[in-house]
Amino acid sequence: MQDKQAQVLYTPEQRARRDATKWTLVQGLLAPVQFLIFLVSLYLVLSSLRTGEHTDWALASVVIKTLVLYAIMITGSIWEKVVFGKYLFAHAFFWEDVVSMLVLALHTAYLWVWWEGQWSATDQLMLALAAYVTYGVNAAQYIRKLRMARLQRPTEPSRDLEHTTASGPQVSL
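Reference entry: report on the structure contained in this document. Along each chain, residues carry numbers from 1 onward, in the same order as the chain's sequence is written. Since the coordinates come from a predicted model, pLDDT governs what is reported: local features require at least 70, and pairs of side-chain atoms require 80 or more to be given and counted, while whole-chain, interface and lining totals use all residues. Processing note: side-chain calculations cover all non-hydrogen atoms of the structure and skip hydrogens and water entirely.

## Focus on the overall build of the chain
Each helix and strand in the chain was counted, giving 6 helices and 0 strands. Under the scheme used here, helices are H or I runs from DSSP no shorter than 4 residues and strands are E runs no shorter than 2 residues, and both carry numbers assigned from the N terminus. The N-to-C order of helical and strand elements in the chain reads α-α-α-α-α-α. In the chain, which comprises 173 residues, the share counted as buried stands at 37%. Here, residues are in contact when the closest pair of their heavy atoms is within 4.5 Å. Within the chain, contacts between residues separated by at least 24 positions form 73% of all contacts whose residues are at least 6 apart in sequence. A 1.4 Å probe and the Shrake-Rupley method give the accessible areas. Residues count as covered only by the protein chains that appear here. Counting every atom, the chain has about 10800 Å² of accessible surface; 66% of that belongs to carbon and sulfur. The classification of residues rests on relative accessible area computed with a 1.4 Å probe and restricted to protein chains. Under 20% of the type maximum is buried, over 50% is exposed, and intermediate values are partly exposed.

## Regarding the environment of Leu-125
Take Leu-125: it is sitting in helix 5 (residues 121-151). With a relative accessible area of 2%, Leu-125 lands in the buried category. Dropping the residues within four chain positions of it, Leu-125 is found in contact with Val-45, Ser-48, Leu-49, Thr-55, Ala-58 and Leu-59.

## Things to note about a nonpolar patch on the surface
On the surface, a nonpolar cluster with roughly 320 Å² of combined accessible area is contributed by Phe-89, Phe-94 and Trp-95. Structurally, Trp-95 can be placed in helix 4 (residues 94-116). The patches described consist of residues with a relative accessible area above 30% and no salt bridge, like charges being joined within 9 Å and nonpolar side chains (Val, Leu, Ile, Met, Phe, Trp, Tyr) within 5 Å. The rule for a salt bridge is simple: a side-chain nitrogen of Lys or Arg has to be within 4 Å of a carboxyl oxygen of Asp or Glu.

## As for unusual backbone geometry
Despite not being glycine, His-54 has its phi angle at roughly 55°, a positive value. Turning to its location among the elements, His-54 is positioned in the loop between helix 2 (22-51) and helix 3 (55-84). One non-glycine residue, Phe-89, adopts positive backbone phi at about 65°. Within the element layout of this structure, Phe-89 appears in the loop between helix 3 and helix 4. Looking at Phe-89, the relative accessible area reads 31%, which means it is partly exposed.

## A closer look at the side chain of Thr-66
Inspection of the secondary structure puts Thr-66 in helix 3. Apart from the residues within four sequence positions on either side, Thr-66 is in contact with His-107 and Leu-111.

## Considerations on the packing of aromatic side chains
Planes of paired rings set the category: under 30 degrees apart is stacked, over 60 is edge-to-face and the rest tilted, where pairs are Phe, Tyr or Trp rings (Trp by its six-membered ring) whose centres lie within 6.5 Å. Per the stated rule, a full pass over the model turns up 11 aromatic pairs. Relative to Phe-93, the ring of Trp-79 has its centre 5.7 Å away and its plane inclined at 85°; by these criteria the two rings are edge-to-face. In this pair, Trp-79 is assigned in helix 3 and Phe-93 in the loop between helix 3 and helix 4, connecting sequence segments 14 residues apart. Overall, Trp-79 belongs to the buried group, its relative accessible area being 4%.

Here it is as structure tokens:
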């Protein structure tokens, strides 16, 4: 039977950098905003595909979702550089970054197709759905890492426990 030791996401130095940088807060704010935009856009896309109505709203919502995705990817790369010393593909987030590249490629393809206007609205929305599926997988990856980070918080000696819990919540990525 193999030893299943959990991957440690952060060294103590990386954890300190993560907790000290403003980019952790930026990511903590942008992620739920992006997810909310995703849910609204997904509703509009599915509704438009089902009914054929409000297609312009659905198409535009994917553009907005993509622009927010770019913002979170750029700030996330900065966060990764501050915490891990490299903009992308740090060991702790390698597979998340790999899937993020696919998410970016599909969203960028959508923008190109939308801008060019050569595809039908239905085909554009189907491409958006493909992008959204990969985004869903990627979001699940990051939620899993968020949970891992919270479970791997360093334990303090009992005499320091009162001081530690008084510090309040921290955003962990």
